[in-house]
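Close look at the chain arrangement
What follows is the residue order along each chain.
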Amino acid sequence: MPIQFTTDGSPGYRRLALWQDIVCDVFVGLDCKSDLGSAFRGSVTQASLGKAVCSEVCSDRQHVFRTPSRIARSNQDFVLVALGNRGNGGVVQDGRETVIHPGEFALYDTTRPYELKFNDSFTQTIFKVPREMLQRRFGGTETLTAMSFGADAPLERLAYDFIVRLCQNADGLAPDTATALSEQAVDLLAMALSERLGKSSLPSSTHRSALLYRLKAHIRAHLADPDLSLAETAAALGISPRYVNDLLADEDTSFQRHVLAERLARCRRDLASPLLAHRHISEIAFAWGFNDLSHFGRVFREHFGMSPRDFRQSQLRH
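Here goes a summary of the coordinates provided. (Residues numbered from 1 in each chain as written. Predicted model: local features only at pLDDT ≥ 70, side-chain atom pairs only at ≥ 80, totals over all residues. Heavy atoms only, no water.)

1. Some points on the overall build of the protein
Within the protein, the regular secondary structure consists of 12 helices and 11 strands. Against the 2.2 N^0.38 benchmark of 20 Å for 318 residues, the protein shows a C-alpha radius of gyration of 22 Å, consistent with a compact globule. Along the first, second and third principal axes, the C-alpha atoms of the protein reach 65 × 50 × 35 Å. Counting over 318 residues, the protein shows a buried share of 48%. (Helix = DSSP H or I, 4+ residues; strand = E, 2+ residues; numbered from the N terminus. Rg over C-alpha atoms; globule rule 2.2 N^0.38 Å. Buried < 20%, exposed > 50% of the residue type's maximum accessible area, 1.4 Å probe, protein only.)

2. Quick look at the state of the cysteines
Scanning all chains against the criterion turns up one disulfide. Between the sulfur atoms of Cys 54 and its disulfide partner Cys 167 the distance amounts to 2.3 Å. With the S-S bond torsion at -65°, the cross-link from Cys 54 to Cys 167 turns out left-handed. Here Cys 167 lies in helix H4 (residues 154–168) and Cys 54 lies in strand S4 (residues 52–59), a separation of 113 residues in the sequence. The exposure class of Cys 54 is buried, given its relative accessible area of 0%. (Disulfide = S-S within 2.5 Å.)

3. Observations concerning helix H9 (residues 255–271)
For the α-helix, the turn length of 3.6 residues means that residues three or four positions removed from each other point alike. Taking 1.5 Å of rise per residue, 17 residues should cover 24 Å, and H9 covers 24 Å from first to last C-alpha, within 8% of that figure. Residues Phe 255, His 258, Val 259, Glu 262, Arg 263, Leu 264, Arg 266, Cys 267, Asp 270 and Leu 271 constitute the buried set of H9. (Expected span 1.5 Å × (residues − 1).)

4. Here's the deal with the pattern of salt bridges
Scanning the entire structure with this criterion turns up 14 salt bridges. Across the pair Lys 117 and Glu 97 runs a salt bridge, and its minimum N-O distance is 3.4 Å. Separated by 20 residues along the polypeptide, Lys 117 in strand S10 (residues 114–118) and Glu 97 in strand S8 (residues 96–100) bring together distant segments of the chain. By relative accessible area, which is 29% here, Lys 117 ends up partly exposed. A residue is classified by how much of its surface remains accessible, and Glu 97, at 52% relative accessible area, is exposed. Salt bridges sharing partners connect three or more residues here, namely Asp 77, Asp 94, Asp 109, Arg 112 and Arg 131. (Salt bridge = Lys/Arg side-chain N within 4 Å of Asp/Glu carboxyl O.)

5. A look at empty space enclosed by the protein
Scanning the model with the defined rule gives one cavity of 30 Å³ or more in all. In this structure, the largest cavity spans a volume of roughly 310 Å³. For the largest cavity, the lining is made up of 22 residues, of which Val 28, Leu 30, Val 57, Tyr 108 and Ile 126 are closest to its centre. The dominant element in the lining of the largest cavity, judged by the number of residues it contributes, is helix H1 (residues 12–28), at five residues. Along the lines of polarity and charge, the residues of the lining of the largest cavity split into 17 nonpolar, four polar and one charged. (1 Å grid on protein atoms, 1.4 Å probe; cavity = no way out; pocket = protein on both sides within 12 Å on 5 of 7 lines; lining within 4 Å. Points joined across faces, edges and corners; volume = space filled by probe spheres on them. Nonpolar A, V, L, I, M, F, W, Y, C, P; charged D, E, K, R; others polar.)

6. Here's the deal with the sheet that holds strand S7 (residues 89–93)
Ordered in space as S2-S5-S10-S7-S8, the five strands form an open sheet in which the pairing is antiparallel. Strands at the two margins of the open sheet, each flanked by one partner only, are strand S2 (31–33) and S8. Here the strands of the sheet are splayed against their neighbours by 15° on average, with no regard to which way each runs. Across three bridges, the pairing between S2 and strand S5 (residues 62–66) is antiparallel. Residue Asp 31 lies in a different strand from S5, and its bridge partner there is Phe 65. (Pairing = 2+ DSSP bridges. Axes fitted to C-alpha atoms, helices over the stretch in contact; angles between N-to-C directions.)

7. Thoughts on the pairing of strand S9 (residues 105–109)
With respect to burial, S9 is a largely interior element, five of its five residues being buried. Examined bridge by bridge, strand S6 (residues 78–86) and S9 share five bridges and lie antiparallel to one another. Its bridge partner lying in S9, Val 79 is registered against Asp 109.

8. Structural notes on the pairing of strand S3 (residues 42–49)
If a strand is regular, its side chains alternate between the two faces of the sheet. With six of its eight residues buried, S3 lies for the most part within the structure. The sheet contact formed by S3 and S4 spans eight bridges and is antiparallel. Opposite Gly 42, over in S4, you have Ser 59 as the bridge partner. Taking the residues between adjacent antiparallel strands as the criterion, S3 and S4 are bridged by two residues, where Gly 50 takes a positive phi near 65°.

9. Points about helix H7 (residues 230–237)
Among the residues making up H7, those that are buried are Thr 233, Ala 234 and Leu 237. Along the axis of H7, the buried residues cluster in a sector spanning 100°; they form a single face. Exposed side chains of H7 directed beyond 90 degrees from the buried face belong to Ala 231 and Ala 235. Note on H7: the residue one or two positions beyond its end, Gly 238, has a positive phi of about 75°. (Arc of directions from axis to C-beta.)

10. Some points on the environment of Asp 225
Structurally, the position occupied by Asp 225 is in the loop between helix H6 (204–221) and H7. For the pair Asp 225 and Ala 287, spaced 62 residues apart in sequence, the C-alpha separation works out to 8.4 Å. Leave out the neighbours within four places in its chain, and Asp 225 touches Arg 263 and Gly 289. (Contact = heavy atoms within 4.5 Å.)

Right, here's the structure in full:
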């Protein structure tokens, strides 16, 4: 990833102030402190990955705060996944504290106060994910912040390796590829989180979030099937159809509305892709479970304000 900022070349007396002004203020909105003064060094790289952002932070020791006043002045709504590469880093949020060692990762949320503690030099990869990307798959993350993942569990380690390697190559990926891979990274992350929840004795609300993830994962895996039904989905999860809709009611939707929204989102993505410009609109619609082209055209217009054909032309002109 290209370097966005480094203290190298800056006068010693300005380094920490520049780090605060450029990195802590601009990237997330943080208060940064270090006792190193003019000896402080740090650098940040950054690359977009679809809606997500990959960064690598390499720095000397510091103590970082995301304070209520910072949150009040910010509209950022992200979940940050910090993946340890070198050195150790502490995370404090939601009444919990953990230490991220190399090969491990932890989550923290930009909408609530947190602290990051680095007692020595460190390097971390930061995968910044819009909340809605994770919420679509999982629900709330309040019970998952400031917990370490990746030490022993194979799925957690796989998520760590995939996200780190993906971020290392993010700036060389075509936009469509970057978007698809970022979605896969969040899928893998959600799977790892869900597996951890299934093995832990956690509050019922947390297990409800895990079940919601399983429900959404089943729907995504069967979107192409026009016969995807509420009864079949409930049976696959071992719950009642009423409970399926009860889970989705937490997000102000229902089974039918969620399936329709997911199918439309996939069609919208494919219609906007230059790589799929050779495919007929009907092929794309039928590939995502629609079986009536007039119905597809009507609901697409209702959701996106234009016909599938007009939307495709508007996207491919860019």
